[in-house]
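# Coordinate analysis (summary)
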Amino acid sequence: MPPYDDWNKLDEEEDEELQDTSYFERKHDVILFAIDCSESMLALRDDPNHEDAKTSHLLSALDAAVQIQKRKVVVGPYDSVGIMLYNTARRNENGPGSDIKKGTYVYQPMSTINATTIIDLTQLVDEAHDNLDLLNEEYPSTEKHIPVGDLFTSCNWVLRDGAPKSATKRIFLITDNDDPLEGSHNSRLITSARTTLTDLLQAGVTVEPFFISTDDRPFNQHKFWANVLVTSSESDEDFDLLPVSLSISRIDDLLEQMRFHEVPKRALFNIPFELAPDLVIGIKGYGLVTEQKKGAYKYFVDLGDKMEVVESITTHVDEEREAEVEKSEVLYGMTMGATAEDEDTQEHGFGTRSVRAGRRVFYTAEEVRSFRTLGLEPGLKLLGFKDRSELAFEDNVRHSLFIYPDEGTYAGSQRTFTALLISMVKKGKIGLVRALTRRNASPSFCALLPQEESEGEGWAEPSGFHLIPLPFADDIRAAPIEEGIRAGKELVDAAKMNSAYQPDSYPNPALAFHYAQLEATAFREEFDPDSFEDHTLPKYNTIQRKAGPLIKEWLKCLQNDESAKAVIVEAGSKRKADVSLSEAEVRSRYESGGLMQLRVDQMKDFLKSKSLALSGKKADLTERIAEWLDEHP
Amino acid sequence: MPPVSAGAGYTVTIFLVDVSPTMGTYRTLHLSPHPNEDPPTKQVTYLQWSLQFAMLKIQEMIFNGRKTDQCGVILFGTDETNNIINRKDGGYDHVTEFLQIGQPNADTLAKLASLRASTSNVPGDVAIDALIVGIETLSNYLATKRSWTGRLVLLTDGESPIEIVDWEAIAKRLNSFNYRLSIIGVDFDDDEIDFHEKGKSHVKHENESFYHKFAAEVANSVMGTLSFALQEVTRPEVKQTRSTLMATVLHLGDPANNPLESVEIIVKTSKCTALARPKSWKRFAPREGKSADEMDVDSAPTKHDDGDGNVNKVIWAQLRMRTEFHVEHDVQGDDGDGDEDGLDVDRVKKGGAKVEKEQLVRGFKYGSSYVPCPDGQFQRLSTRKGISICGFFNADNFRREHSIGEVHYVWADPRSPSQQVALSSLVKAMDKLDMYAITRWVTKDGSDPKMGVLAPCRFRKVDCFLWVQMPFADDVRKYTFSPLQNLSNRRGEKVTSHPYLPTHEQIGAMDRFVDAMNLMEAGEKDEDGNRSPWYDTRVSYNPAIHRMKQALFHNAVVQDLVADQLLPPHPELIKYFNLPKQVLKDAKEATDECKTIFAIKKGAKRLILPKRVPRPRKNDHARAQDDDDEILLDRVAPSILENRSYSRTEASYSQMQPQMNPMPVKPTIPRLTEDDSETESESDDDAWPPSSSKGAKLPTPSPEPGMFADPQRAPGRIIGMATPLADFKHNISQGDVISKAVEDLGWVVKEVVLRPFAERRHMEMIECLHELREVCLQEDEIDAWNSILRELKECTKEAGNPAFWGEVQKHEVDLGLIAASEAARHGGRSNISDSWAEKVSLSVRGKLLY
């Protein structure tokens, strides 16, 4: 299972037999980078990341393309990427792209993400960094900007050649030129640009522009692009509205901007939301937070000249008969008791049940589904509103989902949704809903947490509701400890160190470590584990600087606290005679070299009090104690 | 939090079942809930009905599968007698120990289901006798099991007269053993659910009042009517799981390097929430003898016997999962690129050949490249167990929607007062300042770290932390959404009035709606008479889990699902499915206002056609972008317009097609070679271009040595198996390791043809042999060739791959042994004489090989 697919699955979908998930697995993403190669893109500038180094917009864009492809290995290993340069005099001699419009050049034909192309591109980027004229020599600019229509036409041809039909196809358009017509109001050119773009849209391709803006050349989208780039959400009503997917950024933010678009936005479900009987709007649900796991390993078979992935196919067999059973014949029931010894079992083997002909004691798949859904149809149903404070910290079992109105299924959804959002934020309310997100899911109750869009620079949180699944009584565990000794008075003055939890500051180190090794192996490079940096480790220096003295103070208070000297009376009479030794005793034994003389139960008792492992032989225990004592002088 | 329940299990239940003749009375059961149809009814005997209760209880024991959850069945009112007291002292007639105490199984249920009421009249005073026998049996069995609980369940219709003697003594005895007693009667009156049987017999009336009196004397007793008891069996009951305390350490600061300014607290963690899932279903299929029985199946309806006989039983067998591994591979070549559609059809279908698990290698995919990893995982990040605090932040900034998992408790070591004080002081401080802590948790040495947030939690008598996992940067998807409130137009100006934006009037209506739908005071009244909020997680049961359990139990107990339909879900299970009636009523006005003012129209937008630019597939762009064609409400969308635009696009494509065919590949650029093999198909994911088996020029990706060592090159060999010919030529051109190259190519050919699926490379191997022979001739490696050929024959012809040997034979003229004369022509020597070679060659035609 490639990790990307995890994003597109809901947790409820365990029963793969009844669920068709193939839809998501086949849906691949195809990105064509269309990078402007004009003079301003090739012009050398100071590298913001390296002192005394130079770079160009084109180089940065190519670098971004490398990074995006590497990311794709993690998020969409079956996706395809291609790179096309435009406004370049370079032509494809033959091979893919040799017949595309003049001024466009296929640098990397569409292909599934793979190590070779990434290595090639990385080499080009590296060489270009060393030899700054390289890109200029290899991919010289055309004198004039090519017609935008030609650009789109070439994109269309390249994509059509290389992209699977079912995939989502996107063009990442990277340019710093806000006026490719150079001021001329040639309506014919604008029309051709629009028509060719329409052709693209009709072929299911979306254009995601990344416009580069610089201080000396600010990008003005209204000069040209905003008029040409119609977005898909456009209709006669919102024709005047600005397309959302426009991204204008500084070159250093280019990669960050692209990261937002690295996977196509996909809805997990599109269901009706019943606010009240006969008051229904349409919504779409998205997964904005899900644990990204390492991809599971796959099995390969050696075909001699190459390794081929094998597919595992699960069948259901009657073991006694060694026969595969037709899916249509299968019914569902409960396993027989573990020690069944009736005649039938003896006669026909384990797990059988004899049923009189013409009668049915097992359920059909449809019946089983109705037990799971309790006969409900997919949808959200509003139950009412509660105060925000009712949503407790501990009422969580799973990640949340995000819902957004869908005007397409119910006209008026968006304004109703927005009014609800505004009202709930104003009143400090959360919603309580009954949710059945998919046909084969089971109903759950969820809190509806409103979120208003944030305004400002950079990443803006979208407007919508977070759908937070609440635990059932079945999911709640009792607190195993009901009593304990408490601190008599305030002992700590905690030091504030962060403003909030920012996921962006914490890349998953285990995942990164895994992919770093995977990449090194794929690139046939040595992997150096020491060079790996774990960003999740506490910043000890900062803690010490900000809180060191406070912690010291706290420790002192703790040592003087009277209640800490209380003796805990152990419940239960079976306890053996007290064998425990104090830390000081153990330490003095250690220092005098007499640790080995302790009994194993004494050692274990000490280890247990320090939350250390109790496994192993006496020598292991001794070593573990010694290690701890060394670390805690 | 719900209270911790007493440990489950360690219970013996004895069912005392009345089988007196009156229990054979039929009763009509009304099967709810199909209000529209005639209420379906069913005739069952009192006994069958009562047994339902026993069977459901027993089924629960089977379901839980505890060895310490046992039961027995004692019948009273039987014709014969067989019980523990009778065997010892006589008396206690008409009480029969039907099933001995033990762990129940499906057989237990089957036996119960076969029970019938007695036909002959027996003295009616046996209920009390049965109780005494039951107590005796229990106390005997539990004599050595002091900590176990005993339970008696009496099932009766109360129609047989009871001899009321010594009942106080019996009650005392029950109390002294602390056994629990349940008396469940068919149609007993029950004030609680307001049920009163009409036309009750005098005997039953008397009996009921006796049972009431008796039950009142027994400390642990319940009494009730059967119909209610049956409903209560399906009452959702939470399966209590005790969380184990896991030992770990909470760090603040760096104890290893700066012990004076860092803190370590010994802590234990346990789960606070844990996702419970429904029991899985097992698959069953009928087992039919396909030969003789087929006749039976055809004639089954006539032979059918609805009576008690064992006629025409079908055996249903539980199915097991079996995983098979298949590999997709082309049976014929990869040269189909130029194929026009006609040829494609004729191509051999891609077959999924089965592969044994032993042949498989583990690895990962790097995009379409393969990275071997025999262990199934790479070296793991080295980590130390513990919870490290990375910083504190204001609780107001906590983003609730970022919680991505189950919640954990973090307790101080219950054995250490100093640790408890330390943790408590931290909890208190954080609580007072309203702070949460950012933490990194490693559950055990070497496991992957998780980020999370610690929140202070103060119970009545203890302080602790709650911890919940937060997403890593990798776990957050930043999709862009159009703003809902701050709309701007193409000129960059803010839009204030638009059909997408709610008006003040609309927001006002929504405000009233939100107020009306308030749940904060819609729940039960508490002790002080104040209404509590409606909906409480602690009593909200997972409907799927409990409904499935109910269905599973039902399925195990009944003999025919069509006749015995599953009862509706317990009301407790669906109590939160709809909002409280009062709220619904109160919100009526606000709801109606919203309906009018928001004027939502289903699917209306799809009908509007664009006015400015005719763009037929407009709405589909929306779908294409968001990518959810799958979705329910969108299914109705296909239109003629759509199809037309498709065909238009298709047409323009096909016009371009001829000139856009993939061009021959420049072999010097590996990247391009690869792309050629990887356009639309998914099967050629490998980094190595598949070799063409047409025998034409092989694509030579000329891997740069060093950088791309052939992953399939065996140690010590200089020829790899992926592109042997290219490797060979490369080595020969180097000119210094010819003998080694010859030997290795011979070895590779042999290896390749002996592997599974070798036929796809036959042509390539033949070509290798041609090249090899040529080189052998030129470079005086004639003896090597001759021995390679012999060896090849030996291993292929006999067992390995006779088909390949057949191929070699076809090329006998230029792949034969090199004889002396031919060798001499090239300036070499062969120890095979011409005549011998000739002879063998001839014998080839006579099927005697070489």
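Residues numbered from 1 in each chain as written. Chains lettered and ligands numbered in written order. Predicted model: local features only at pLDDT ≥ 70, side-chain atom pairs only at ≥ 80, totals over all residues. Heavy atoms only, no water.

Going by the annotation in an unreviewed UniProt entry, the name recorded for chain B is ATP-dependent DNA helicase II subunit 2, with Multifurca ochricompacta given as the source organism. Listed in UniProt under the heading Sequence similarities (unreviewed entry), the comment for chain B reads: "Belongs to the ku80 family." (UniProt positions renumbered as here; feature names shortened; annotations may be inferred.)

In the annotation of an unreviewed UniProt entry, the entry for chain A reads ATP-dependent DNA helicase II subunit 1, and the organism field reads Multifurca ochricompacta. Chain A has a UniProt comment under Sequence similarities (unreviewed entry) that states "Belongs to the ku70 family."

In terms of regular secondary structure, chain B is built from 25 helices and 24 strands. Split into buried and exposed, the 850 residues of chain B put 51% on the buried side. Across chain B, contacts joining residues at least 24 apart in sequence account for 67% of those joining residues at least 6 apart. Of the roughly 40,900 Å² of accessible surface on chain B, 50% is carried by carbon and sulfur atoms. (Helix = DSSP H or I, 4+ residues; strand = E, 2+ residues; numbered from the N terminus. Buried < 20%, exposed > 50% of the residue type's maximum accessible area, 1.4 Å probe, protein only. Contact = heavy atoms within 4.5 Å. Areas by Shrake-Rupley, 256 points an atom, 1.4 Å probe, with all protein chains shown as cover.)

Let us now look at the overall build of chain A. Counting its regular elements, chain A contains 18 helices and 21 strands. Burial status across chain A gives 60% buried among its 633 residues. Pairs at least 24 residues apart make up 69% of the contacts formed inside chain A by residues separated by at least 6 positions. Within the structure as shown, chain A displays about 25,900 Å² of accessible surface, and the carbon and sulfur contribution to it stands at 46%.

Residues and elements named next belong to chain A. The strand order around the closed barrel formed by seven strands is β9-β10-β17-β21-β20-β19-β16, and the pairing between neighbours is mixed. Adjacent strand axes in the sheet meet at a mean angle of 40°, parallel and antiparallel pairs treated alike. By the bridge criterion, six bridges tie strand β20 (residues 444-451) to strand β21 (residues 464-469) in an arrangement that is antiparallel. Note on β21: the bridge partner recorded for Cys-446 is Pro-469. In the packing of helix α13 (residues 413-427) onto the sheet, contacts are made with β9 (269-276), β10 (279-286), β16 (379-387), β17 (401-405), β19 (429-436), β20 and β21, and the angle to β21 comes to roughly 70°. (Pairing = 2+ DSSP bridges. Axes fitted to C-alpha atoms, helices over the stretch in contact; angles between N-to-C directions.)

To continue, consider the packing of helix α4 (residues 126-141) of chain B against helix α5 (residues 167-177) of chain B. Residues and elements named next belong to chain B. Two elements in contact, α4 and α5, have axes separated by 11 Å at closest approach and are oriented at 25°. By the angle between their axes, α4 is roughly parallel relative to α5. You can see that α4 and α5 cross each other, and the crossing is left-handed. Contact residues: Ile-128, Ile-132, Ile-135, Glu-136 and Ser-139 in α4; Ile-170, Arg-173, Leu-174 and Phe-177 in α5. Residue composition of the contact of α4 with α5, by class: six nonpolar, one polar and two charged. (Parallel < 35°, antiparallel > 145°, perpendicular 65-115°, else oblique. Left-handed = near helix turned anticlockwise from the far one by under 90°. Nonpolar A, V, L, I, M, F, W, Y, C, P; charged D, E, K, R; others polar.)

The pairing of strands in a sheet happens through backbone hydrogen bonds and is either parallel or antiparallel. All names here are of chain B. The strand order across the open sheet formed by six strands is β5-β4-β1-β6-β7-β8, and the pairing between neighbours is mixed. Edge positions in the sheet fall to β5 (95-102) and β8 (221-225), since each of these pairs with one other strand and no more. Put simply, the sheet's adjacent strands are angled 15° from each other on average, direction ignored. Pairing of strand β6 (residues 149-156) with strand β7 (residues 180-185) involves six bridges; the strand directions are parallel. In the strand pairing of β7, Arg-151 is matched with Arg-180.

Attention now moves to helix α20 (residues 762-778) of chain B. All names here are of chain B. When the terminal C-alpha atoms of α20 are compared, their 24 Å separation across 17 residues agrees well with the 24 Å that a helix rising 1.5 Å per residue should span. The complete set of buried residues in α20 reads His-762, Glu-764, Met-765, Ile-766, Cys-768, Leu-769, Leu-772, Arg-773, Val-775, Cys-776 and Leu-777. At the exit of α20 stands Asp-780, carrying a positive phi of roughly 55°. (Expected span 1.5 Å × (residues − 1).)

The next subject is the environment of Ser-588 of chain A. Here Ser-588 of chain A is to be found in helix α16 (residues 583-591). Separated by 543 residues in the primary sequence, Ser-588 of chain A and Arg-45 of chain A place their C-alpha atoms 66 Å from one another.

Another aspect to go through is the packing of helix α17 (residues 600-609) of chain A against helix α18 (residues 618-631) of chain A. The angle between the axes and the distance between the axes are what describe a pair of packed helices. All names here are of chain A. Contact geometry of α17 with α18 gives a least axis separation of 10 Å together with a crossing angle of 40°. In this view, α17 runs oblique relative to α18, as classed from their interaxial angle. Crossing handedness for the pair α17 and α18: left-handed. In contact with Val-600, Met-603, Lys-604, Phe-606 and Leu-607 of α17, α18 contributes Lys-618, Leu-621, Thr-622, Arg-624, Ile-625, Trp-628 and Leu-629. When the residues that make up the contact of α17 with α18 are grouped by side-chain class, the tally is eight nonpolar, one polar and three charged.

Residue and element names in this part refer to chain B. Over its 16 residues, helix α6 (residues 202-217) extends 23 Å from the first C-alpha to the last, a length consistent with the 22 Å expected when each residue adds 1.5 Å. The complete set of buried residues in α6 reads Lys-204, Asn-207, Glu-208, Phe-210, Tyr-211, Phe-214 and Ala-215. The buried residues of α6 occupy an angular sector of 165° when projected down its axis, which confines them to one face. Summarising the geometry of α6, the exposed residues directed more than 90 degrees from the buried face are His-202 and Ala-216. Along its buried surface, α6 packs onto α4, β6, α5, β7 and β8. (Arc of directions from axis to C-beta.)

Another aspect to go through is the nonpolar core. Among the nonpolar cores identified, the biggest contains 117 residues, and Phe-33, Ile-35, Ile-174 and Phe-273 of chain A together with Phe-513 of chain B are the most heavily contacted of them. With 11 residues, the single largest contributor to this core is helix α4 (residues 57-75) of chain A. Val-73, Ala-117, Ala-285 and Phe-553 of chain B belong to the second-largest nonpolar core, a separate cluster that totals 53 residues. (Core = buried A, V, L, I, M, F, W, Y, C linked by side-chain atoms within 4.5 Å.)

A separate point is the state of the cysteines. Tallying each qualifying case throughout the model produces zero disulfides over all chains. For the unlinked cysteine Cys-272 of chain B, the closest cysteine sulfur is that of Cys-457 of chain B, found at 7.5 Å. (Disulfide = S-S within 2.5 Å.)

All names here are of chain B. The buried fraction of β7 amounts to five of the six residues, a majority that puts the element mostly inside the structure. In this fold, the crossover linking β6 to β7 by way of α5 has right-handed handedness. Two elements, β7 and β8, share five bridges in a ladder whose sense is parallel. Paired with Ile-184 across the bridge in β8 is Gly-224. What joins β7 to β8 is α6, and the crossover it makes is right-handed. (Right-handed = clockwise from strand over helix to strand, strands pointing away.)

Here we come to a negative patch on the surface. Residues and elements named next belong to chain A. A contiguous patch of negative charge, built from Asp-63, Asp-126, Glu-127 and Asp-130, is present on the exposed surface. In terms of residue count, the dominant contributor to the negative patch is helix α5 (residues 115-130) (three residues). Mapped onto the fold, Asp-63 is located in helix α4. Overall, the relative accessible area of 30% leaves Asp-63 in the partly exposed class. (Patch = residues over 30% accessible without salt bridge, like charges linked within 9 Å, V, L, I, M, F, W, Y side chains within 5 Å. Salt bridge = Lys/Arg side-chain N within 4 Å of Asp/Glu carboxyl O. Lys, Arg positive; Asp, Glu negative; His and termini not counted. Charge placed at Lys NZ, Arg CZ, Asp CG, Glu CD.)

Here we come to the UniProt feature "domain: SAP" (unreviewed entry) in chain A. Under the local residue numbering, the UniProt record ascribes the feature "domain: SAP" (unreviewed entry) to residues 595-629 of chain A. Across residues 595-629 of chain A, the secondary structure splits into 63% helix and 0% strand, with the terminal C-alpha atoms separated by 11 Å.

Our focus in this paragraph is the pairing of β16 of chain A. Walk down a regular strand and you will see the side chains alternate between the two sheet faces. All names here are of chain A. When you tally the buried positions in β16, you get eight out of nine residues, the bulk of the element. In terms of strand pairing, β9 meets β16 through two bridges, oriented parallel. Pairing of Phe-273 across the sheet is with Leu-380, part of β16.

Another point: the packing of aromatic side chains. Counted according to the given criterion, the structure contains 44 aromatic pairs over all chains. Seen in terms of ring centroids, Phe-445 of chain A and Tyr-535 of chain B are 5.3 Å apart; in terms of plane orientation they differ by 55°. Their pairing is tilted. In this pair, Phe-445 of chain A sits in strand β20 while Tyr-535 of chain B sits in the loop between α11 (504-516) and α12 (543-557), so the two residues belong to two different chains. On the basis of relative accessibility, which here comes to 2%, the residue Phe-445 of chain A falls in the buried class. Take Tyr-535 of chain B: its relative accessible area is 7%, and that puts it in the buried class. Through successive ring pairs, a cluster of aromatic residues spans Phe-445 and Phe-472 of chain A together with Trp-534, Tyr-535, Tyr-576 and Phe-577 of chain B. The ring of Tyr-141 of chain B is capped by Lys-145 of chain B, whose NZ or CZ atom sits 4.6 Å from the centre of that ring. (Phe/Tyr/Trp six-rings, centres within 6.5 Å; stacked < 30°, edge-to-face > 60°. Lys NZ or Arg CZ within 6 Å of the ring centre and 35° of its normal.)

Before going further, it helps to spend a moment on the confidence of the model for chain A. Residue and element names in this part refer to chain A. On average, residues of chain A carry a pLDDT of 79, and 83% of them reach 70 or more. This model gives residues 232-240 a pLDDT under 50, and the stretch forms 25 contacts once residues within four places in sequence are excluded. For residues 338-346, every residue scores under 50 in pLDDT, and the model assigns this stretch 10 contacts once sequence neighbours within four places are set aside. (pLDDT = per-residue confidence, 0-100.)

With respect to the helices and strands, His-402 of chain B occurs in the loop between β17 (386-394) and β18 (407-412). What His-402 of chain B contacts, discounting residues up to four positions off in sequence, is Val-289 and Pro-503 of chain A together with Gln-469, Met-470 and Pro-471 of chain B.

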